[in-house]
Structure formats: structure tokens, C-alpha cells
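Here's the letter readout for the chains.
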Amino acid sequence: MDTATPTALASARILWAKVDTGFWVAHRGGEYFGCVDQVAGGFVSRDAHGVPVGRYDSLDAAKASLRSTTHPANVSRRRRLERATVLTATGVGGTALALALTAGALAPYL
């Protein structure tokens, strides 16, 4: 199996293909790199994991957003998403713990 080195992938050119009306897919170094979807009023780009990178007014801006996942706007979005996930998990876990403790306290009376 031929594996690409990180250096080769970093310097590889991004190739775009229009696969459907309003839908473009990017490949870099032979690997899926992301996509851009045309939506009402703009374009939404998604990274290789399907995570939305952002919404843009032009196709070129949406395509360019995939080139730098370390761009401050992209890092900020990713951090907000991770923070929201942690807060949600903490809330659900706390609720489950409270219900378990309540059930345990009420069990002798049932």
C-alpha cells in the first residue's frame, strides 16, 4: 500500500470537480479534502470530516476556506463546536447522575 507523506499532502494541489448542480468536491493528493454546497444566498463549505467550515457569499471564498483549516475563523468555529459538545455532554451526564441518585434514594420506599 502506497501512503502519502504529510509533506507530500501539504504541497499537493487541490483539485475541484463539479459533481452535481450546486455541489463541488475537492481532492488533494488523491484523498477527499472537502466539499462546497450551493445554498440559498451563498455557499457552505465542509471539511474532509463533513464539519461545516462556514457560509460564504462566493464560490471562490468557500473553496478558499478549505485551504487553511488553521485560519482563525476556522479554528474559532471548531473550538465553539467542541465547547458546545462538551457542555451538552456535561449537562446530559449531570442530569443522568441526578436521576440515578434520586432513584437510589427513593428505592427503599418502593
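Structure report, in brief. Sequence order as written defines residue numbering, which begins from 1 separately in each chain. Since the coordinates come from a predicted model, pLDDT governs what is reported: local features require at least 70, and pairs of side-chain atoms require 80 or more to be given and counted, while whole-chain, interface and lining totals use all residues. Side-chain measures were taken over the full set of non-hydrogen atoms in the model, leaving aside hydrogen atoms and water.

## With respect to the nonpolar core
Proteins that are soluble and globular tend to have nonpolar side chains buried together. The definition of a nonpolar core used throughout is a set of buried Ala, Val, Leu, Ile, Met, Phe, Trp, Tyr and Cys residues joined through side-chain atoms within 4.5 Å. Throughout, exposure labels follow a simple rule: accessible area from a 1.4 Å probe, protein chains only, divided by the maximum for the residue type, with under 20% read as buried, over 50% as exposed, and the rest as partly exposed. Of all hydrophobic cores here, the largest spans 10 residues; its members are Ile 14, Trp 24, Ala 26, Phe 33, Val 36, Phe 43, Val 53, Tyr 56, Ala 62 and Leu 66. Elements with a contribution of two residues or more to this core: strand E2 (23-28), strand E3 (31-39) and strand E5 (52-56). In this structure, Phe 33 is in contact with Ile 14, Ala 26, His 27, Arg 28, Asp 47, Ala 48, Leu 66 and Arg 67, ignoring residues within four places of it in sequence. Helix numbering and strand numbering both begin at the N terminus, where a helix is a DSSP run of H or I of at least 4 residues and a strand a DSSP run of E of at least 2. Here a residue-residue contact requires only that any non-hydrogen atoms of the pair lie within 4.5 Å.

## Some words on the sheet that holds strand E1 (residues 14-20)
What the five strands build is an open sheet, ordered E1-E2-E3-E4-E5; its pairing is antiparallel. In the strand order of this sheet, the two ends are held by E1 and E5, each with one partner. Put simply, the sheet's adjacent strands are angled 20° from each other on average, direction ignored. Should DSSP find at least two bridges between two strands, the strands are taken to pair. Note that E1 and E2 share six bridges and pair antiparallel. Counted as the bridge partner of Asp 20 is Phe 23 from E2. For helices, the fitted axis covers only the stretch in contact; all axes are lines through C-alpha atoms, and the angles between them, taken along N-to-C directions, range from 0 to 180 degrees.

## Some remarks on the side chain of Lys 63
If you trace the backbone, Lys 63 turns up in helix H2 (residues 59-65). We score Asp and Glu as negative and Lys and Arg as positive, and we do not count His or the chain ends. We define a salt bridge as a side-chain nitrogen of Lys or Arg found within 4 Å of a carboxyl oxygen belonging to Asp or Glu. Here Lys 63 is buried and forms no salt bridge, its nearest opposite-charge partner Asp 60 lying at an N-O distance of 5.3 Å. Once you skip the residues sitting within four places of it in the chain, Lys 63 turns out to touch Trp 16, Trp 24 and Val 36.

## Observations regarding the pairing of E3
As a general feature of sheets, a regular strand has side chains that alternate between the two faces. Of the pairings in the sheet, the one linking E2 to E3 comprises six bridges and is antiparallel in character. Looking across to E3, one finds that His 27 is bridged to Tyr 32. Linking two consecutive strands that pair antiparallel, namely E2 and E3, is a turn of two residues; a positive phi of about 60° is found at Gly 29 within it. Note that E3 and strand E4 (residues 42-47) share six bridges and pair antiparallel. Residue pairing in the sheet places Cys 35 in a bridge with Arg 46 of E4.

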